[in-house]
Structure formats: C-alpha cells, structure tokens
Amino acid sequence: MFRVPCVVLFVLLKCAITVRLDENSTCGGLRCQKTVTMPLLDKMEGNLKADFDVSEMNKLLKVYIDQQIRSGVEIGLQQVKKEIASVDFKMTKLKQDTDKELNDELKVSKKYAFFATLSSDRNNLPRNAVVMFDTVSLNEGDAYDGTTGTFTCPEDGLYHFSWTAVSGRSKDFVSVLVANDRKIAANAVDSDSVSDSMTGTSNVIVRMMKGQKAWVAVHREDGKQLVKAWNGSPCSMFSGFKL
C-alpha cells in the first residue's frame, strides 16, 4: 500500500517540475531544450527523476565558445600579420642588398676615358687660354667636354692624362696641364730656332676629387701654332682615363 502512493507522488513531482521549467520556452526541437532529465532512483519499481534548467548554462557556454573563437581568430590574424611583416622586412632587406650589390658592380665596372683631337690648327692663342681639343672620338663616361676643352672628374681617384703638341716651322707652342687649379706639368715644343716642325708629349698622373676639372692651357705667350694633322692624320691630341 505504500508503494503505489509513492509512485504516484514521484510522477506528479516530475510532471510539476517539467511543466514549470518548460512553460516559458518559445522554441522547440532538441537544440532548444532548456531542461535535462536525470534519474534519481533506478533500482526501484517507481523511478524518481528531476529535470534541471540548463538554459543559462547554454548561454554561458555559447558566450564562452564565441569568445574562444574570436580569441583564436585574433591570435591567428596577429600571427599572420607578424609573418607578413617579417616577409616584407626580408623582401625589403633583400632588395636593398641587391641594389647595393648592383650599384657596387656598376661602380666597379664604370670606366672613364676620353680621346680628343683638333678640328683645325690653332694659331696665336693668348696666355692661359684653354686649348680646345674639340674632335672627340672617345668619351667613355661623358666626363670630357669638347666645347670647353675641360675634363670634369666624375668620382674620386687617380687619373692619367696625356697630351701631344705638334707645332709648325719656326713656331713655338708651350702648354701646361692644369688640374685642381694647379699647373701640374708642361709640354714645351720650342721650334722657333729651327726650320722644321717639332713635337712633344707629356704624361701625368693626378689625384682628383669629384667635380674638379683638368685642361690643357697655353703657357705664357708661347701659343704660336698647334698643328691639327701630319700627313693627313691627327697629330695634336689630348687624352685621359681613370686608373
């Protein structure tokens, strides 16, 4: 007689609890369950079960999962950004190193050399006049200007200059190489006491800085005549190159 009322009581409790927990629910289906049924007595003829409301726990779980997903995404994005920044840095460094190597190679391979002769004889040039060797057949590096007769140093270093002067009969032509605003060496063709043409060649090596200039100038008043050609070939000339 005691067992039957107990069973009825347990069933009523279960029904009452279930109804109270589910009466405000607005969704259906397994995913929208807000109660969990747990057996309390499973070895008696009358099972006693209790339903627990897990809706708040579901909300908390959802918030926690969302936070973990966002955190994982943010960490992943930060890692990707770091990797991209690292790749950009490496690419920039590689480009800088490549450009430097290329510039160094170009600098090493860059040549400066010129060779110039006269387009016509030069007669009675005044003191300190620049001798313009205006027929330029070679101008590697474009450092020599045939319109002014001057060489402009393109970069620091040692430079070799050579010039040859051929004078007419009984006419002198004495010249000097001017570099760094200094008279470096002279080339004296003294033929005023002879009845034949004379020739002279001078060679110098000068240390120059970028932007400094060099040219051949008349020494004193001895610029009587400079001959263009000998037997049809150029004979008075000016040349230079970087060592």
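Above this text is the structure in question.
Residues numbered from 1 in each chain as written. Predicted model: local features only at pLDDT ≥ 70, side-chain atom pairs only at ≥ 80, totals over all residues. Heavy atoms only, no water.

(A) Just the sheet that holds strand S12 (residues 213–223), in detail. Reading across from one edge, S6-S7-S12-S9-S10 is the order of the 5 strands in this open sheet, with antiparallel pairing throughout. Lying at the two open borders of the sheet, with one neighbouring strand each, are strand S6 (144–145) and strand S10 (182–189). Pairing of strand S9 (residues 173–179) with S12, which is carried by 6 bridges, proceeds in the antiparallel orientation. In the sheet register, alanine 179 faces S12, and the bridge partner there is alanine 214. (Pairing = 2+ DSSP bridges. Helix = DSSP H or I, 4+ residues; strand = E, 2+ residues; numbered from the N terminus.)

(B) Looking closely at the sheet that holds strand S5 (residues 135–140). Pairing is antiparallel in the open sheet, where 5 strands are placed in the order S5-S3-S16-S8-S11. Each edge of the open sheet is held by one strand with a lone partner, namely S5 and strand S11 (198–208). Neighbour-to-neighbour, the strand axes of the sheet open up by a mean angle of 5°, direction not taken into account. Two elements, strand S8 (residues 157–167) and strand S16 (residues 237–242), share 6 bridges in a ladder whose sense is antiparallel. Counted as the bridge partner of phenylalanine 161 is glycine 240 from S16. (Axes fitted to C-alpha atoms, helices over the stretch in contact; angles between N-to-C directions.)

(C) Spotlight on the pattern of salt bridges. Applying the stated criterion across every chain yields a total of 5 salt bridges. In this structure, arginine 122 engages aspartate 134 in a salt bridge whose closest nitrogen and oxygen atoms are separated by 3.2 Å. A residue pair is termed long-range when its members are at least 10 positions apart, and arginine 122 in strand S4 (residues 122–123) and aspartate 134 in the loop between S4 and S5 qualify at 12 residues. Here arginine 127 makes a salt bridge to glutamate 221, at a shortest N to O gap of 2.9 Å. (Salt bridge = Lys/Arg side-chain N within 4 Å of Asp/Glu carboxyl O.)

(D) Focus on the packing of aromatic side chains. Taken as a whole, this structure holds 9 aromatic pairs when the rule is applied. Relative to phenylalanine 238, the ring of phenylalanine 133 lies with its centre 5.7 Å away and its plane at 45°, an arrangement referred to as tilted. Of this pair, phenylalanine 133 sits in the loop between S4 and S5 while phenylalanine 238 is found in strand S16, placing the two residues 105 residues apart along the sequence. Considered together, phenylalanine 133 and phenylalanine 238 belong to a single accessibility category, that of buried residues. Grouping aromatic residues by their ring pairs yields a cluster made of Phe114, Phe133, Tyr144, Phe151, Tyr159, Phe161 and Phe238. (Phe/Tyr/Trp six-rings, centres within 6.5 Å; stacked < 30°, edge-to-face > 60°. Buried < 20%, exposed > 50% of the residue type's maximum accessible area, 1.4 Å probe, protein only.)

None of the figures reported here should be taken as evidence of function without further support.
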